[in-house]
Amino acid sequence: MTNFHSASLRTSLPALALLLCLGGCSALENSQPRDTGDYASSATLPPADVLYAQGVAQTQRGDYERAVKLFNEVDENYPYSTWATHAELLAGYSQYKDQNYDDAISSLNRYISLHPEDADAAYAYYLKSLCYYEQIDDVQRDQTTTYEAIQTLNDVITRFPNSSYALDARIKLRLANNRLAGHDMVIGRFYEKQHLYGAAIGRYQDIVTSFQTTTYTPEALERLVECYLNLGLTGAAQRTASVLGYNYPGSSWYQSAYNALKAHHLLAPPPVAAAPDQSGAAAPDQSGADTGASATTPPADTTQSAAPAAKKHHWYWPF
């Protein structure tokens, strides 16, 4: 976090000391004793700027728990001072750094509700999204926090689309979506192993429709082919294999789907050139009359060559 008065704040505090120059805070800090504990009465309570400076110092030392207490002292005892607003945001930041995410979210929500038009509101939304993002768990566990991270990341992107926070939020959003797709894949594989093909198909289709830009999409398509074949839905298997081959022709999942269709004898023979008639001219080729491409031969197979007049078709077609 370089400067709390700019729109390019970060989640570190290397230059927060710049804020201490405001109002002669540095001089005041040097003239006051170092923070040694809670202040029992207003008689011993330092001014707002000194409390704020001590909180910043504790944050830079990594004592985030003590920093939160000092920032809360500013907010509670000097709520109308120029330091209180920054103290509220820094309290949330310190809780985030201390991995006290629930309290950080609570502090940031309070800051956002009290200061929705503040110059640092974008950072508050971004920091809140990080509190959820940092809690995203393994794909085999519950993904409730992942959904919350996606929602808050979308808030940053929607509210502050041209900010540097939105740029980073878009990157993290892709990673969060990939985690959800991975969770669906884990469940789908389990259902498939238990021969619950209908339930598995539901999970795989969710990946293809809702998370089609993730790394799990090729596998989901291939596993759909497996499930359809196990249920005897050969037409659906062929169409899904076509989609897989069209979009991921060089993947191992494509080759696996092709082998599965071949094992079930669902690959049509390649077109054969017509024999020439008595005049020596070749008969008109009819192999290109079918508007749908045939899922017969992988794209890399060039052993069969069509007649010169034949129209070449890609093995797969978009579905």
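Scope of this entry: the structure provided in the associated data block. Keep in mind that this is a model prediction, so the values were computed, not measured.

Considerations on helix H8 (residues 164-193)
Counted at 1.5 Å a residue, the expected span for H8 with its 30 residues is 44 Å, and the 44 Å between its end C-alpha atoms agrees. With its phi angle positive at about 65°, His195 sits one or two positions after the end of H8.

Considerations on the nonpolar core
Membership of the largest hydrophobic core comes to 69 residues, with the highest contact counts inside it found for Tyr52 and Phe71. Examining the composition of this core, we find that ten residues originate from one element, helix H6 (residues 121-133), more than from any other. Setting aside anything within four residues of it in sequence, one finds Phe71 in contact with Tyr52, Gly55, Val56, Thr59, Ala87, Leu90, Ala91 and Ser94.

Some points on the pattern of salt bridges
Pairing is possible between side chains of opposite charge, provided their charged atoms come close. Counting across every chain of the model gives nine salt bridges. Measuring nitrogen to oxygen at the nearest pair gives 3.6 Å for the salt bridge that ties Arg110 to Glu88. You can see Arg110 sitting in helix H5 (residues 101-114) and its partner Glu88 sitting in helix H4 (residues 84-97), a full 22 residues away along the chain. Residue classification places Glu88 among the buried residues on the basis of a relative accessible area of 8%. For Glu192, the salt bridge identified is with Arg223, shortest N-O distance 3.7 Å. Within this pair, whereas Glu192 is found in helix H8, its partner Arg223 is found in helix H10 (residues 217-231), the two being separated by 31 residues in sequence. Each member of the pair Glu192 and Arg223 is classed as buried.

Describing the packing of aromatic side chains
Evaluated as defined, the whole model comprises seven aromatic pairs. A centroid spacing of 5.0 Å and a plane angle of 40° characterise the contact between Tyr52 and Trp83, whose relative ring orientation is tilted. A residue pair is termed long-range when its members are at least 10 positions apart, and Tyr52 in helix H2 (residues 48-61) and Trp83 in the loop between helix H3 (64-77) and H4 qualify at 31 residues. By relative accessible area, which is 11% here, Trp83 ends up buried. Relative to Tyr101, the ring of Tyr96 lies with its centre 6.1 Å away and its plane at 55°, an arrangement referred to as tilted.

About the criteria used
Residues numbered from 1 in each chain as written. Predicted model: local features only at pLDDT ≥ 70, side-chain atom pairs only at ≥ 80, totals over all residues. Heavy atoms only, no water. Helix = DSSP H or I, 4+ residues; strand = E, 2+ residues; numbered from the N terminus. Expected span 1.5 Å × (residues − 1). Core = buried A, V, L, I, M, F, W, Y, C linked by side-chain atoms within 4.5 Å. Buried < 20%, exposed > 50% of the residue type's maximum accessible area, 1.4 Å probe, protein only. Contact = heavy atoms within 4.5 Å. Salt bridge = Lys/Arg side-chain N within 4 Å of Asp/Glu carboxyl O. Phe/Tyr/Trp six-rings, centres within 6.5 Å; stacked < 30°, edge-to-face > 60°.

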